[in-house]
Amino acid sequence: MSAALETINLAASTGVRGNLGAVAYGLAAIGPGVGIGLVFGHSIEAMARQPEAMPIIRQNMFLGFALCEVLALLGLVVPFIFS
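None of the values given here were measured: they were computed from a predicted structure.

Can you lay out the nonpolar core for me, pointing to particular residues and giving the numbers?
If you look at the biggest cluster of nonpolar residues, it comprises seven residues: Ile-36, Val-39, Met-47, Ala-53, Ile-57, Met-61 and Cys-68. Within the residue set of this core, elements represented by two or more residues are α1 (2–49) and α2 (54–81). Excluding residues that lie within four positions of it along the chain, Ile-36 makes contacts with Phe-65, Cys-68 and Glu-69.

Here it is, written out as C-alpha coordinates:
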(Lines give C-alpha, C1' and ligand atoms only; values in the text may rest on other atoms or scores of the structure.)
Protein backbone atom coordinates (compact mmCIF):
# COMPACT_ATOMS: atom_id res chain seq x y z
CA MET A 1 0.00 0.00 0.00
CA SER A 2 2.83 2.42 0.79
CA ALA A 3 4.45 1.90 -2.65
CA ALA A 4 1.27 3.08 -4.37
CA LEU A 5 1.13 6.11 -2.09
CA GLU A 6 4.77 6.98 -2.89
CA THR A 7 4.01 6.74 -6.62
CA ILE A 8 1.07 9.14 -6.25
CA ASN A 9 3.19 11.60 -4.24
CA LEU A 10 6.00 11.41 -6.82
CA ALA A 11 3.60 12.09 -9.68
CA ALA A 12 2.07 15.03 -7.83
CA SER A 13 5.45 16.58 -7.04
CA THR A 14 6.58 16.20 -10.67
CA GLY A 15 3.46 17.96 -11.91
CA VAL A 16 3.92 20.82 -9.49
CA ARG A 17 7.56 21.21 -10.46
CA GLY A 18 6.65 21.46 -14.14
CA ASN A 19 4.03 24.10 -13.40
CA LEU A 20 6.46 26.08 -11.27
CA GLY A 21 8.93 26.11 -14.17
CA ALA A 22 6.24 27.58 -16.44
CA VAL A 23 5.36 30.20 -13.83
CA ALA A 24 9.04 31.04 -13.35
CA TYR A 25 9.49 31.57 -17.10
CA GLY A 26 6.36 33.69 -17.25
CA LEU A 27 7.70 35.91 -14.51
CA ALA A 28 11.16 35.96 -16.08
CA ALA A 29 9.71 37.15 -19.40
CA ILE A 30 8.11 40.24 -17.85
CA GLY A 31 11.39 42.08 -17.19
CA PRO A 32 12.91 41.68 -20.67
CA GLY A 33 9.54 42.56 -22.24
CA VAL A 34 9.44 45.84 -20.35
CA GLY A 35 13.14 46.44 -21.08
CA ILE A 36 12.70 45.90 -24.83
CA GLY A 37 9.76 48.29 -24.86
CA LEU A 38 11.81 50.94 -23.09
CA VAL A 39 14.81 50.45 -25.40
CA PHE A 40 12.77 50.88 -28.57
CA GLY A 41 10.64 53.69 -27.17
CA HIS A 42 13.57 55.79 -26.04
CA SER A 43 15.49 55.05 -29.24
CA ILE A 44 12.64 56.33 -31.38
CA GLU A 45 12.40 59.40 -29.18
CA ALA A 46 16.16 60.00 -29.50
CA MET A 47 16.02 59.59 -33.30
CA ALA A 48 13.18 62.10 -33.48
CA ARG A 49 15.16 64.63 -31.46
CA GLN A 50 18.48 64.16 -33.29
CA PRO A 51 18.05 62.63 -36.75
CA GLU A 52 21.74 63.12 -37.55
CA ALA A 53 22.71 60.67 -34.79
CA MET A 54 20.41 57.94 -36.11
CA PRO A 55 23.12 55.38 -37.08
CA ILE A 56 24.70 55.47 -33.62
CA ILE A 57 21.33 55.36 -31.87
CA ARG A 58 20.19 52.44 -34.03
CA GLN A 59 23.38 50.51 -33.25
CA ASN A 60 22.91 51.05 -29.52
CA MET A 61 19.22 50.17 -29.84
CA PHE A 62 19.99 46.76 -31.32
CA LEU A 63 22.69 46.15 -28.71
CA GLY A 64 20.21 46.93 -25.92
CA PHE A 65 17.61 44.70 -27.57
CA ALA A 66 20.07 41.81 -27.77
CA LEU A 67 21.04 42.16 -24.12
CA CYS A 68 17.39 42.21 -23.02
CA GLU A 69 16.61 39.19 -25.18
CA VAL A 70 19.47 37.24 -23.57
CA LEU A 71 17.73 37.68 -20.21
CA ALA A 72 14.55 36.19 -21.65
CA LEU A 73 16.46 33.22 -23.04
CA LEU A 74 18.16 32.68 -19.69
CA GLY A 75 14.74 32.68 -18.06
CA LEU A 76 13.72 29.93 -20.46
CA VAL A 77 16.81 27.77 -19.86
CA VAL A 78 17.22 28.08 -16.07
CA PRO A 79 14.09 26.05 -15.08
CA PHE A 80 15.35 23.16 -17.23
CA ILE A 81 18.80 23.29 -15.63
CA PHE A 82 17.53 23.31 -12.02
CA SER A 83 14.74 20.75 -12.48
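Alright, that's what it looks like, and here's the rest.
Let's hear about α2: which residues, and what values?
Helix length check: α2 (28 residues) gives 40 Å between terminal C-alpha atoms against 40 Å at 1.5 Å per residue, within 8%. Within α2 the residues assigned to the buried category are Ile-57, Met-61, Gly-64, Cys-68, Ala-72 and Gly-75.

Which residues make up the environment of Leu-74, and what are the values?
For Leu-74, the position within the fold is in helix α2. Sequence spacing of Leu-74 and Ala-29 is 45 residues, and the spatial spacing of their C-alpha atoms is 9.6 Å.

Which residues make up a nonpolar patch on the surface, and what values go with them?
A grouping of Tyr-25, Val-70, Leu-71, Leu-73, Leu-74, Leu-76, Val-77, Val-78, Phe-80, Ile-81 and Phe-82 is seen on the molecular surface, where their side chains present a nonpolar patch of about 1,100 Å² in accessible area. Broken down by element, the nonpolar patch gets its largest block of residues, nine residues, from α2. Classification of Leu-74 as partly exposed rests on a relative accessible area of 46%.

I'd love a proper account of the side chain of Ser-43, names of residues and values included.
Following the sequence through the fold, Ser-43 ends up in helix α1. Overall, the relative accessible area of 8% leaves Ser-43 in the buried class. Among the polar contacts made by the side chain of Ser-43, one reaches the main-chain carbonyl oxygen of Val-39 at a distance of 2.7 Å. Apart from residues no more than four positions distant in its own chain, Ser-43 is found in contact with Ile-57 and Met-61.

Conventions we followed
- Residues numbered from 1 in each chain as written.
- Predicted model: local features only at pLDDT ≥ 70, side-chain atom pairs only at ≥ 80, totals over all residues.
- Heavy atoms only, no water.
- Core = buried A, V, L, I, M, F, W, Y, C linked by side-chain atoms within 4.5 Å.
- Buried < 20%, exposed > 50% of the residue type's maximum accessible area, 1.4 Å probe, protein only.
- Helix = DSSP H or I, 4+ residues; strand = E, 2+ residues; numbered from the N terminus.
- Contact = heavy atoms within 4.5 Å.
- Expected span 1.5 Å × (residues − 1).
- Patch = residues over 30% accessible without salt bridge, like charges linked within 9 Å, V, L, I, M, F, W, Y side chains within 5 Å.
- Areas by Shrake-Rupley, 256 points an atom, 1.4 Å probe, with all protein chains shown as cover.
- Salt bridge = Lys/Arg side-chain N within 4 Å of Asp/Glu carboxyl O.
- Polar contact = N/O pair within 3.5 Å; in protein donor to acceptor, adjacent residues only side chain to side chain.

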